[in-house]
Structures are given as structure tokens and as C-alpha cells.
Amino acid sequence: MNFEITAEQLELRAAVRAFAREELNHDLEKRDQDGAFPRDCWQKCADFGLLSLPVPVEFGGQGQDLVTTTIAMEALGWGCRDNGLVFSLNAQMWAVQMPLAHYGSEEQKRTWLPQLVSGKVIGAHAITEPSAGSDVFSLTTRAERRSGGYLLNGQKTFATNAPVADLALAFAYLTRDGQSPALSAFVVPRSTPGVTFGRPIAKMGLRTSPMGEIVFEDCFVPETARLGPEGAGMKIFNSAMEWERACIFAGHLGAMERLLDDCIAYAKKRRQFDQPIAKFESVADRIADMKVAIEAGRWLLYKVGWLADQGKSAVLEAAIAKLFVSEMHSKAALNALQLHGGYGYMKEYPIEREVRDALSGTLYSGTSEMQRKIIARGVGL
């Protein structure tokens, strides 16, 4: 594995950092307070080319490799203080666009990918249900064959982007005569009769990323709406999570770098007992630990991207990277809060928002407990 970043990748990183810092942070405090999705910022990101990075050129994308895309997402996480926006962008990229790019029919790809990467259409990934999160085998949403298509019935929840989405990638167990139900995936536009995209669910953090329910009530979709063959749902879901666990957490890594920069600046400026608090060993140790976590997390994430670019499986490596970066981001945010003291706890400062946002990473894309289960299985336990 080559650990050297190319000149083109360095140029992209610098450009994304500058763009995000200058264009995506306006009125953030109010957006967070109101739980408002910044559609104007979404469109700016699409126009800049962020959504199109990993998508094949023939479908409106740039065809970038995953390492390059990971570097760009890390830069976005550093420059954009709106962690909810970063999360929503990544959710569409890895859990909607990439499944379409890899498993979609020619018609599906030509119909949806150009609209998704251009910002015209927003996509939501719908698999979690009120009684089924990590346990995919307990999903109750069902698809029944009908003449020319399928009838969907069921309820999804915690679907990122759902309240503003134009399109859902939904998973349902297909009932088949004499056979066990097979998980299958379907592309369902908002305009489809029988599907309802619910209002935003209030959350602790990532408040600018809308999340809601999607309900299917005798929702008929044509056979052309099925993504991949019948029964391919588990394969599609697992591959989406493998991409997501690598690239979406590059944004977390960028946020950790930003926290580190903020903490260093504050520790040098803030004085107690006639000296900068940076001179206190307890403060310096926290900052040193943040730096170690960032460097380790970066190479864990880049390795996943490199393996994927080589066409190799990275299930174990993605789980390791996701577990480490998500937990280290939470720890870094709490360290930043402690370092800033009372100021960090106040809503007028950004640290308390960073803590709320960081904690979500140990839950989505598979909880920390699920990642440990995957890792244990990967080492033969």
C-alpha cells in the first residue's frame, strides 16, 4: 500500500477545505437550533462536485477512487462545521448512489444517478424499522408479487434524509411460494401511490440532517423498481455498509482534526495561574491523545479505501475503522468539552454541539457492539 498522497489529492483536499469553510457554515447556530435542513448548502455541494466523486463518469460522476473520495470527505469534515449536512451527504452517497451504481439496471442508473449527483433529487436509505435495527432478519416490511411488479407493506424509521427525499431505497422481505422470504431492495420515488415520507424526528445531535419514517401501504412498484435480482438485498445492504463505514467516517476524522485545531488555539490563548493552559500536563496530554487518534484513524480509513480500490473485501477492516474512529471522535469531543471548561458547556460556543453530533457515530452504520461482533467473527471467534 502506497501511503503517499498525490499532488492531485492534495489539491482536492485544499479545495474542499476552502469551499466548505467559506460556503457551508453560515447561520449554523440557528440551523441547529431549528433543526433546519440547509438545501442551499446541499446544492452548493452538488455544484462543487462532492456528490459525484465516486460515481462513474457515464452517469454524471467523476469516477474517483475511494481513497481520493475519502480524502475529500475528510476535508469536508474539517471545513464544514455542520456535521448534520456532512452526514446527510454521505448517507446519500454511500447508501443510495453506490448501490445504484453497482447493482442498478442501465435504466435505473441513467434515470437516477445524474439527478442525485446534480442535487436535483435527494435519496434516502430505508432499512431500519421500529422493532428491527441491527437485527436485519427481524424486518417485517414485506413485498408480494403482483402482475408486473410488487406490493410493499411496512414501516421504516430513522431513515436519513427521508423528510426531504425524492427517492427511497427500501428493503423488504419478498414472500415466495414454498421458499423462505428473501431480502430484496426497491427504488421507490416519493410520487409512488401508497408511500408516505414522514416529518422529521427530533434528535439530540446532527439536527440539520432530517430523519424520519417511510410507510408503505399497499404500495405497488413495477418490476423495474427492484434493485438487482430477487434476494440480493442482503448483499446490497452489506456492500453499502462497507463503503459507508469507511467513507462516512472520514467526515468524522475531519471533524476530529478541526476539534484538535480549535483546542490547540484555545489552550494557547486561555490563561490560568499566570500561564497558558497549554503548559499544564493534563491539557497537553488530552491534545496529544487526540493527535494520536487522528493519525491512527486516518490510516485505518485509507486502508479500507485502498482495499476497495483493489477489488478486495474490506468487511473486517471497515468494521475496525468504523469502531475506532467513531469511539475516538466521541472521546475527542468530550476532551474538547473538558478542555474548554464552562465555556465548552454553553450553547453559545460550538463545543457542546460537537459533542452531541459526535456521539451518534457509535450508533449509525451499525453500533459499536455490532462492529465488535463483526471483528470477533473475523478473527475466528
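Rules behind the numbers
- Residues numbered from 1 in each chain as written.
- Predicted model: local features only at pLDDT ≥ 70, side-chain atom pairs only at ≥ 80, totals over all residues.
- Heavy atoms only, no water.
- Helix = DSSP H or I, 4+ residues; strand = E, 2+ residues; numbered from the N terminus.
- Rg over C-alpha atoms; globule rule 2.2 N^0.38 Å.
- Buried < 20%, exposed > 50% of the residue type's maximum accessible area, 1.4 Å probe, protein only.
- Contact = heavy atoms within 4.5 Å.
- Expected span 1.5 Å × (residues − 1).
- Bend = angle between axes of the 7 residues up to and from the residue.
- Salt bridge = Lys/Arg side-chain N within 4 Å of Asp/Glu carboxyl O.
- pLDDT = per-residue confidence, 0-100.
- Axes fitted to C-alpha atoms, helices over the stretch in contact; angles between N-to-C directions.
- Parallel < 35°, antiparallel > 145°, perpendicular 65-115°, else oblique.
- Left-handed = near helix turned anticlockwise from the far one by under 90°.
- Nonpolar A, V, L, I, M, F, W, Y, C, P; charged D, E, K, R; others polar.

> Is there a simple way to think about the overall build of the chain in this case?
Along its length, the chain carries 12 helices and 10 strands. In terms of overall dimensions, the chain is globule-like: its C-alpha atoms have a radius of gyration of 21 Å, near the 21 Å expected for 381 residues. C-alpha atoms of the chain, sized along the principal axes, occupy 80 × 45 × 40 Å. With 381 residues in all, the chain has 54% of them scored as buried. Partitioning the intrachain contacts of the chain with sequence separation of at least 6 by distance along the chain shows that 75% fall at a separation of at least 24.

> Is there a simple way to think about helix H5 (residues 83-103) in this case?
An α-helical turn contains 3.6 residues, so a residue and the one three or four places further along point in the same direction. Between its terminal C-alpha atoms H5 stretches 29 Å, which fits the 30 Å expected from 21 residues at 1.5 Å a residue. At glutamine 97, H5 shows its largest kink, close to 30 degrees, and the proline proline 99 lies no more than four residues downstream. The element H5 is largely enclosed, with a buried count of 19 among its 21 residues.

> What is the right way to look at the environment of arginine 270 in this model?
Mapped onto the fold, arginine 270 is located in the loop between helix H7 (233-269) and strand E9 (271-272). Along the primary structure arginine 270 and aspartate 32 are separated by 238 residues, whereas in three dimensions their C-alpha atoms are 27 Å apart.

> What's the story with the pattern of salt bridges in this structure? I'm lost.
Any two side chains of opposite charge can pair, so long as their charged atoms come close to each other. Counted according to the given criterion, the structure contains 19 salt bridges. Measuring nitrogen to oxygen at the nearest pair gives 3.5 Å for the salt bridge that ties glutamate 144 to arginine 146. Judged by relative accessible area, arginine 146 falls into the partly exposed class, the value being 41%. Arginine 145 is the salt-bridge partner of glutamate 230, the closest N and O atoms lying 2.6 Å from each other. With glutamate 230 in the loop between strand E8 (226-227) and H7 and arginine 145 in strand E2 (residues 142-146), the pair connects residues that are 85 residues apart, well separated along the chain. Its relative accessible area of 26% is what places glutamate 230 among the partly exposed residues. Classification of arginine 145 by relative accessible area gives partly exposed; the value is 43%. Each member of the salt-bridge network shares a partner with another, and the members are Arg17, Glu74, Glu257, Lys291, Glu295 and Arg298.

> Please explain the confidence of the model for the chain as it appears in this structure.
Close reading of the predicted structure is inappropriate where its pLDDT is low. Per-chain confidence: the chain averages 93 in pLDDT, with 99% of residues scoring 70 or above. When pLDDT is averaged over each helix and strand of the chain, the minimum, 88, is found for E9 and the maximum, 98, for helix H3 (residues 39-48).

> Can you help me understand the packing of H7 against helix H9 (residues 315-340) in this one?
For any two helices packed against each other, the geometry is given by the interaxial angle and the distance between the axes. It is at 9 Å that the axes of H7 and H9 come closest, and there the two elements cross at 25 degrees. Classed by the angle they form, the pair H7 and H9 counts as roughly parallel. Between H7 and H9 lies a crossing of left-handed hand. Contacts from Glu242, Arg245, Phe249, His252, Leu253, Ala255, Met256, Leu259, Asp262, Cys263 and Tyr266 of H7 reach H9 at Val315, Ala318, Lys322, Val325, Ser326, Met328, His329, Ala332, Ala333, Ala336, Leu339 and His340. Of the residues in the contact of H7 with H9, the class split is 15 nonpolar, four polar and four charged.

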